[in-house]
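Residue-level listing of the chains:
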Amino acid sequence: MQPIRQGDVILIPTQSIEGEQLPHLTLAEGEVTGHRHRISEGEAELYERNGTLYLKVLSPTALLTHEEHKQIAIPQGNWTIRIQREYEPEGWRYVAD
């Protein structure tokens, strides 16, 4: 499986899931707009450990949605969730939607 990107969120395939299960399926929330990258369809579980999120897709696919981006089908499997960063002369900064 290849990494999957939606806006500033990237899902990276991983072998195992660690952490405590969360009661929601929101992967990231926009700082300015309040829009959310979230799983809207399919069966999935979200975990967090030491500030890192992990997504376990249990159904054949789960739909990742965001108000400003095209919906993406995420295949079954384990994923590490990261917020992409970019380098500027002043230092690293998180990519913003």
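In what follows, the structure referred to is the one given above.
Trainee: Outline the environment of Ser 16, supporting the account with residue identities and numerical values.
Mentor: Examined against the element boundaries, Ser 16 turns out to sit in the loop between β2 (9–13) and β3 (20–21). Placed 64 residues apart in sequence, Ser 16 and Thr 80 show a C-alpha to C-alpha distance of 9.1 Å. Among residues more than four places away in sequence, those in contact with Ser 16 are Tyr 54 and Asn 78.

Trainee: So what about the nonpolar core? Which residues, and what values?
Mentor: Leu 11, Leu 27, Leu 55, Ile 74, Trp 79 and Ile 81 are the most contacted members of the largest nonpolar core, which has 16 residues in total. Setting aside residues up to four positions removed in sequence, Ile 81 forms contacts with Val 9, Ile 10, Leu 11, Leu 27, Thr 52, Leu 53, Tyr 54 and Leu 55.

Trainee: Tell me about the pattern of salt bridges, and please be specific about residues and values.
Mentor: Under the criterion given, the structure shown has one salt bridge. Close ionic contact of Glu 18 with Arg 49 constitutes a salt bridge, the shortest N to O distance being 2.3 Å. Pair noted here: Glu 18 is in the loop between β2 and β3 and Arg 49 is in strand β6 (residues 44–49), with a separation of 31 residues, a long-range link.

Trainee: Residue-level account of the environment of Lys 56, with values.
Mentor: With respect to the helices and strands, Lys 56 occurs in strand β7 (residues 52–66). Since its relative accessible area comes to 27%, Lys 56 is described here as partly exposed. Sequence spacing of Lys 56 and Glu 43 is 13 residues, and the spatial spacing of their C-alpha atoms is 8.7 Å. Ignoring sequence-local partners within four residues, the contact set of Lys 56 consists of Ile 17, Glu 43, Ala 44, Glu 45, Tyr 47, Gly 77 and Asn 78.

Rules and cut-offs
- Residues numbered from 1 in each chain as written.
- Predicted model: local features only at pLDDT ≥ 70, side-chain atom pairs only at ≥ 80, totals over all residues.
- Heavy atoms only, no water.
- Helix = DSSP H or I, 4+ residues; strand = E, 2+ residues; numbered from the N terminus.
- Contact = heavy atoms within 4.5 Å.
- Core = buried A, V, L, I, M, F, W, Y, C linked by side-chain atoms within 4.5 Å.
- Buried < 20%, exposed > 50% of the residue type's maximum accessible area, 1.4 Å probe, protein only.
- Salt bridge = Lys/Arg side-chain N within 4 Å of Asp/Glu carboxyl O.

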